[in-house]
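Summary of structural features
Residues per chain are reported as follows:
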Amino acid sequence: FRHEEKFYHPTGVAVTIHDDLSEAAFDERLKKINSLKLTRVGTEIEVDLIAVINKSNTAEKFAEAAKKVSAGSHLNIILSSTSVDNMKAALQNCAEKRPLIHGAGAGNCEAMAALAQEKKCPMTVTAQTLEELADLAECAKKAGVEEIVLDVGGNNPKEVLQKLTKVRRLALKKNFRTLGLPMITFVCDEDPFQEIALASTYLLKYAGIVAVDACEP
């Protein structure tokens, strides 16, 4: 039966939570994400991760948000910040859960990779070109990081989709193993229907993790 078909390695779905929310708003959103479940064809479906976004750009708020999510949720964690110091502060409160460190780019890859290696956490690398993405993946590997996720970036949905497809083709058809890694995309759109449409597209082509802002069933 068609409904019995499934992904054997399904894409992980994450919902974002920003560290600049008021305490009440943060707690309410965390509770909503934790309880986000639906049933389809007799199967209970829920999200897989919470992405803590360092929107405040401060170490204190980021660390506090990481602490709350670590203590208050059963879901896996993504920590997103381009600041090495802020990431270090957040990891003090949740490193034992091995969160995915997101925010490494050309300017901070070595420092982020050293932190990921120290805490034994997986990490992402982000770049606007595939050449630079491959270089950053190699940088993380040389630092001893074994679990790496690629963030292809992109200025619009068409560009993101093209990059996701090119990376997968390079890895599989051209045997370019440097890019033979899972990929992550972040989807943010004021129109929730457009956001879900884009997330569904990336889920099929070929993201390993899709993070969205919407947390309504």
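The sections below set out a description of the structure shown in this document. Because the structure is a prediction, the values reported are computed rather than measured.

1. Observations concerning helix α1 (residues 23-34)
- Taking 1.5 Å per residue, twelve residues should reach 16 Å; α1 reaches 16 Å between its end C-alpha atoms and fits that length.
- For α1, the complete set of buried residues consists of Phe 26, Arg 29, Leu 30, Ile 33 and Asn 34. All buried residues of α1 project into a common sector of 135 degrees when viewed along the axis, lining one side. Turned more than 90 degrees away from the buried face of α1 sit Ala 24, Glu 28 and Lys 31, all of them exposed.

2. Description of the state of the cysteines
- Inspection of the entire model under this criterion finds zero disulfides.
- The thiol of Cys 109 is unpaired, and the distance to the nearest cysteine sulfur, on Cys 139, comes to 3.4 Å.

3. A few points about the side chain of Ser 81
- Mapped onto the elements of the fold, Ser 81 is located in the loop between β5 (76-80) and α3 (84-91).
- A distance of 2.8 Å separates a polar atom in the side chain of Ser 81 from a polar atom in the side chain of Asn 54.
- Ignoring sequence-local partners within four residues, the contact set of Ser 81 consists of Asn 54, Phe 62, Asn 86, Met 87, His 102, Gly 103 and Met 112.

4. Here's the deal with the packing of helix α2 (residues 59-72) against α3
- Close contact between α2 and α3 brings their axes to 8 Å; oriented N to C, the two are set at 35 degrees. In the crossing of α2 with α3, the sense of the turn from one axis to the other is right-handed. Residue-level contacts link Ala 59, Phe 62, Ala 63 and Ala 66 of α2 to Asn 86, Met 87, Ala 89 and Ala 90 of α3.

5. Observations regarding the layout of surface pockets
- When its volume is computed, the second largest pocket comes out at roughly 450 Å³.
- If you go around the second largest pocket, you meet 23 residues; those closest to its centre are Pro 10, Val 149, Pro 182, Gly 208 and Ile 209.
- When its residues are assigned to classes, the lining of the second largest pocket shows 14 nonpolar, four polar and five charged.

6. Considering the nonpolar core
- Ranked by size, the top nonpolar core spans 57 residues in total, and within it Val 52, Leu 79, Met 123, Val 125 and Leu 150 carry the most contacts.
- In terms of residue count, helix α5 (residues 130-142) provides more of this core than any other element does, six residues in total.
- Judged by nonpolar contacts, the second largest core, of ten residues, contains Ala 51, Ile 78, Leu 100 and Ile 209.

7. Quick look at a positive patch on the surface
- On the surface, a cluster of positive charge is contributed by Arg 169, Lys 173, Lys 174 and Lys 205.
- Position of Lys 173 among the secondary structure elements: in the loop between α6 (157-172) and β9 (184-187).
- The exposure class of Lys 173 is exposed, given its relative accessible area of 69%.

8. Describing the packing of helix α4 (residues 109-119) against α5
- Two numbers describe how α4 lies on α5: the axes approach to 9 Å, and their chain directions differ by 40 degrees. Overall, the two elements α4 and α5 adopt an arrangement that is oblique. Handedness of the crossing formed by α4 with α5: right-handed. Together, Cys 109, Glu 110 and Ala 113 of α4 and Leu 136, Cys 139 and Ala 140 of α5 make up the contact between the two elements.

Scoring rules and cut-offs
- Residues numbered from 1 in each chain as written.
- Predicted model: local features only at pLDDT ≥ 70, side-chain atom pairs only at ≥ 80, totals over all residues.
- Heavy atoms only, no water.
- Helix = DSSP H or I, 4+ residues; strand = E, 2+ residues; numbered from the N terminus.
- Expected span 1.5 Å × (residues − 1).
- Buried < 20%, exposed > 50% of the residue type's maximum accessible area, 1.4 Å probe, protein only.
- Arc of directions from axis to C-beta.
- Disulfide = S-S within 2.5 Å.
- Polar contact = N/O pair within 3.5 Å; in protein donor to acceptor, adjacent residues only side chain to side chain.
- Contact = heavy atoms within 4.5 Å.
- Axes fitted to C-alpha atoms, helices over the stretch in contact; angles between N-to-C directions.
- Left-handed = near helix turned anticlockwise from the far one by under 90°.
- 1 Å grid on protein atoms, 1.4 Å probe; cavity = no way out; pocket = protein on both sides within 12 Å on 5 of 7 lines; lining within 4 Å.
- Points joined across faces, edges and corners; volume = space filled by probe spheres on them.
- Nonpolar A, V, L, I, M, F, W, Y, C, P; charged D, E, K, R; others polar.
- Core = buried A, V, L, I, M, F, W, Y, C linked by side-chain atoms within 4.5 Å.
- Patch = residues over 30% accessible without salt bridge, like charges linked within 9 Å, V, L, I, M, F, W, Y side chains within 5 Å.
- Areas by Shrake-Rupley, 256 points an atom, 1.4 Å probe, with all protein chains shown as cover.
- Salt bridge = Lys/Arg side-chain N within 4 Å of Asp/Glu carboxyl O.
- Lys, Arg positive; Asp, Glu negative; His and termini not counted.
- Charge placed at Lys NZ, Arg CZ, Asp CG, Glu CD.
- Parallel < 35°, antiparallel > 145°, perpendicular 65-115°, else oblique.

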